[in-house]
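Listed here are the chains, written in short residue letters.
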Amino acid sequence: MRHAGIILCLGLTFFLLLPAKARAQNPSPTTAAAVPAPAVQSPPASTGPTTAYMLPPDKLAKAKALYDLRIKLLIIGTIYGLIQLLAILYFGVMARYRDWAEKASRWS
């Protein structure tokens with residue numbers, strides 16, 4: 001029964017992270033190849049310093065997608081860490097380490 005919980009946690013993690021990695025490595029064909037690149041607009045002629053920097057639309061979309069992926073992975077990582085800590089407590093791993101340390105030490 002104890003091993004079933006560990007296997008369940010690892011399997012759940014695998015299935016949660018696999019689609020995110022697949023999306024990050026295999027972009028959809030409609031991103032850069034199928035959509036023609038928009039014409040690059042030249043900045044207006046002005047004598048003053050440039051005050052704003054804007055990304056091209058394709059790079060802006062990629063940056064937003066990477067930001068969203070980073071936030072999702074942060075949330076998944078936090079939840080996974082909490083599940084690991086609860087599993088360690090539930091399955092009594094720390095109690096076994098404590099008992100082993102007390103047996104191995106001269107002083108209790």
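Definitions and limits used
Residues numbered from 1 in each chain as written. Predicted model: local features only at pLDDT ≥ 70, side-chain atom pairs only at ≥ 80, totals over all residues. Heavy atoms only, no water. Helix = DSSP H or I, 4+ residues; strand = E, 2+ residues; numbered from the N terminus. Areas by Shrake-Rupley, 256 points an atom, 1.4 Å probe, with all protein chains shown as cover. Phe/Tyr/Trp six-rings, centres within 6.5 Å; stacked < 30°, edge-to-face > 60°. Buried < 20%, exposed > 50% of the residue type's maximum accessible area, 1.4 Å probe, protein only. pLDDT = per-residue confidence, 0-100. Salt bridge = Lys/Arg side-chain N within 4 Å of Asp/Glu carboxyl O. Patch = residues over 30% accessible without salt bridge, like charges linked within 9 Å, V, L, I, M, F, W, Y side chains within 5 Å. Expected span 1.5 Å × (residues − 1).

Asks: What's the story with the overall build of the protein chain in this structure? I'm lost.
Replies: A count of helices and strands for the protein chain gives 3 helices and 0 strands. Beginning at the N terminus, the succession of helices and strands in the protein chain can be written as α-α-α. By element, 69% of the accessible surface of the protein chain is carried by carbon and sulfur atoms, the whole surface being about 10,100 Å².

Asks: Help me understand the packing of aromatic side chains in this model?
Replies: The relation between two aromatic rings is expressed through the spacing of the ring centres and the mutual angle of the planes. This model, assessed by the stated rule, comprises 1 aromatic pair. Each ring, one from tyrosine 90 and one from phenylalanine 91, has its centre 5.1 Å from the other, and the planes form 70°; the classification is edge-to-face. We classify tyrosine 90 as exposed; its relative accessible area is 67%. Since its relative accessible area comes to 12%, phenylalanine 91 is described here as buried.

Asks: Is there a simple way to explain the confidence of the model for the protein chain in this structure?
Replies: Regions with low pLDDT carry predicted coordinates that are not meant to be interpreted in detail. Scored by pLDDT, the protein chain comes out at a mean of 77, with 54% of its residues at no less than 70. Across the protein chain, element-level confidence peaks in helix 2 (residues 57-90) with a mean pLDDT of 96 and bottoms out in helix 1 (residues 2-25) with 62.

Asks: Looking at this model, I keep getting lost on the pattern of salt bridges. Mind explaining?
Replies: Where charged atoms from two side chains of opposite charge come close, those side chains can pair. Using the criterion set out here, one finds 1 salt bridge in the structure. With its nearest N and O atoms 3.2 Å apart, the salt bridge here joins arginine 98 to aspartate 99.

Asks: Can you help me understand a nonpolar patch on the surface in this one?
Replies: Together, Leu82, Leu85, Leu86, Ile88, Leu89, Met94, Tyr97 and Trp100 line one region of the surface with nonpolar side chains, adding up to about 910 Å² of accessible area. Of all elements in the fold, only helix 2 and helix 3 (93-104) reach the threshold of two or more residues within the nonpolar patch. Sort the elements by how many residues they give to the nonpolar patch and helix 2 lands first, with 5 residues. Locating isoleucine 88 in the fold gives a position in helix 2. What makes isoleucine 88 partly exposed here is its relative accessible area of 32%.

Asks: For this particular structure, what's the right way to read helix 2?
Replies: In an α-helix there are 3.6 residues to a turn, and that puts residues three or four apart on one side. Compared with an ideal rise of 1.5 Å per residue, which puts 34 residues at 50 Å, helix 2 spans 49 Å between its outermost C-alpha atoms and is within 8% of the ideal. Count one or two residues on from helix 2 and you reach glycine 92, which has phi positive near 75°.

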